[in-house]
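# Inside the fold
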Amino acid sequence: GNSVTQMEGPVTLSEEAFLTINCTYTATGYPSLFWYVQYPGEGLQLLLKATKADDKGSNKGFEATYRKETTSFHLEKGSVQVSDSAVYFCALSGWTGNQFYFGTGTSLTVIP
Amino acid sequence: DAGVIQSPRHEVTEMGQEVTLRCKPISGHNSLFWYRQTMMRGLELLIYFNNNVPIDDSGMPEDRFSAKMPNASFSTLKIQPSEPRDSAVYFCASSLRPDTSTYEQYFGPGTRLTVT
């Protein structure tokens, strides 16, 4: 079956530090992969996506590359800001049934 | 365009009362999802609809929960009777499913339900 595993949090970083949040997946067929961000008190917002192997999704300085050989979709940002403090969810969308599979979320706190 | 709209944003009710949460998906989207989010269990899919038809309700916790989608622009999630353990944030999301690929989901702001 399909599933997503992402690194446990919480993660605390100083401003301008490098961020990596790991995400690996198990899927049949050719899934699409996503990162969502949830700011306090808000719903989930799509951050970036990749729909096929070797695709790189990017947005707001965040990047993630769809690695089929390692079944991974790690989120990275070169220099985090306080405003990046949020919970980040990795997700997978399979063709069958249009279902999404979310990871458990990783809480990020960036301190000045 | 307006995003996914949910109402109410906050609901406080007493145990045993009926609660109805409402969702208006993005115009033109044909799939709708109801999720529940708690600290203990994270984000859980409750039910989803394609073209107003319920496809998978295996995530609905028990018979006290029911969901309807009478038309393409409106859905409800009802809890009757409510219990304190139903306290959570309930999200509605919508997406467009064409024939050849799947697309991302767009989330509403959520309804924070507190059952006392």
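Notes on the structure follow.

Quick notes on the rules
- Residues numbered from 1 in each chain as written.
- Chains lettered and ligands numbered in written order.
- Predicted model: local features only at pLDDT ≥ 70, side-chain atom pairs only at ≥ 80, totals over all residues.
- Heavy atoms only, no water.
- Disulfide = S-S within 2.5 Å.
- Helix = DSSP H or I, 4+ residues; strand = E, 2+ residues; numbered from the N terminus.
- Pairing = 2+ DSSP bridges.
- Axes fitted to C-alpha atoms, helices over the stretch in contact; angles between N-to-C directions.
- Core = buried A, V, L, I, M, F, W, Y, C linked by side-chain atoms within 4.5 Å.
- Buried < 20%, exposed > 50% of the residue type's maximum accessible area, 1.4 Å probe, protein only.
- Contact = heavy atoms within 4.5 Å.
- Phe/Tyr/Trp six-rings, centres within 6.5 Å; stacked < 30°, edge-to-face > 60°.

## Describing the state of the cysteines
Residue and element names in this part refer to chain A. Enumeration over the complete set of coordinates arrives at two disulfides over all chains. The partner cysteine of Cys23 in its disulfide is Cys90, sulfur to sulfur 1.9 Å. Taking the sign of the S-S torsion, -65° for the link of Cys23 and Cys90, the bridge is left-handed. Separated by 67 residues along the polypeptide, Cys23 in strand E4 (residues 23-26) and Cys90 in strand E10 (residues 86-93) bring together distant segments of the chain.

## Looking at the sheet that holds strand E3 (residues 19-24) of chain B
Residue and element names in this part refer to chain B. One open sheet holds the four strands; their spatial order is E1-E3-E8-E7, and the pairing between them is antiparallel. The two strands at the open ends of the sheet, each matched to only one other strand, are strand E1 (5-7) and strand E7 (65-71). Adjacent strand axes in the sheet meet at a mean angle of 15° when their direction is disregarded. Judged from the five bridges that link them, E3 and strand E8 (residues 74-79) form a sheet pairing that is antiparallel. Residue pairing across strands places Val19 opposite Ile79, the latter belonging to E8.

## Comments concerning the nonpolar core
In this structure, Trp35, Leu47, Leu48, Phe73, Leu75 and Tyr88 of chain A are the most contacted members of the largest nonpolar core, which totals 26 residues. Where this core is concerned, the elements lending two or more residues are strand E2 (11-14), strand E3 (19-21), E4, strand E5 (32-38), strand E6 (44-50), strand E8 (62-65), E10 and strand E12 (106-111) of chain A. Membership of the second largest hydrophobic core comes to 21 residues, among which are Cys23, Leu46, Phe65 and Val115 of chain B.

## Some points on the environment of Glu14 of chain B
Residues and elements named next belong to chain B. Positionally, Glu14 belongs in the loop between strand E2 (10-13) and E3. Between the C-alpha atoms of Glu14 and Ser82, which are 68 residues apart in sequence, the distance is 7.6 Å. Other than its neighbours up to four places away in sequence, Glu14 contacts Ser82, Val115 and Thr116.

## Re the packing of aromatic side chains
Under the defined criterion, the tally for this structure stands at twelve aromatic pairs over all chains. Arranged with centres 5.6 Å apart and planes meeting at 40°, the rings of Phe62 of chain A and Tyr88 of chain A form a pair that is tilted. Here the residue Phe62 of chain A occupies a position in strand E8, and Tyr88 of chain A occupies one in strand E10, the gap between them amounting to 26 residues. Take Phe62 of chain A: its relative accessible area is 2%, and that puts it in the buried class. Looking at Tyr88 of chain A, the relative accessible area reads 1%, which means it is buried. Counting every residue linked through ring pairs, the aromatic cluster contains Phe34, Tyr36, Phe89 and Phe102 of chain A together with Phe33, Tyr35, Tyr48, Phe91 and Phe107 of chain B.

## Details of the pairing of E10 of chain A
All names here are of chain A. Of all eight residues that make up E10, seven are buried, and the element is covered over most of its length. Across seven bridges, the pairing between E5 and E10 is antiparallel. Counted as the bridge partner of Trp35 is Cys90 from E10. Looking at chain direction, E10 and E12 are connected through three bridges and run antiparallel. Each bridged residue has a counterpart across the sheet, and for Tyr88 the counterpart in E12 is Thr106. Sheet topology note: the E10/strand E11 (residues 100-102) ladder contains three bridges and is antiparallel. Residue pairing for E11: Leu92 is matched across the bridge by Tyr101.

## Overview of the sheet that holds E8 of chain A
All names here are of chain A. Taken together, the four strands give an open sheet; going across it, the order is E3-E9-E8-E7, and neighbouring strands pair in antiparallel fashion. Taken across any chain shown, the strands that pair with only one partner, and hence form the sheet edges, are E3 and strand E7 (56-59). Here the average twist between neighbouring strands, direction ignored, is 15°. Direction of pairing for E7 relative to E8: antiparallel, over a ladder of four bridges. For Lys56, the partnering residue across the bridge sits in E8 and is Thr65.

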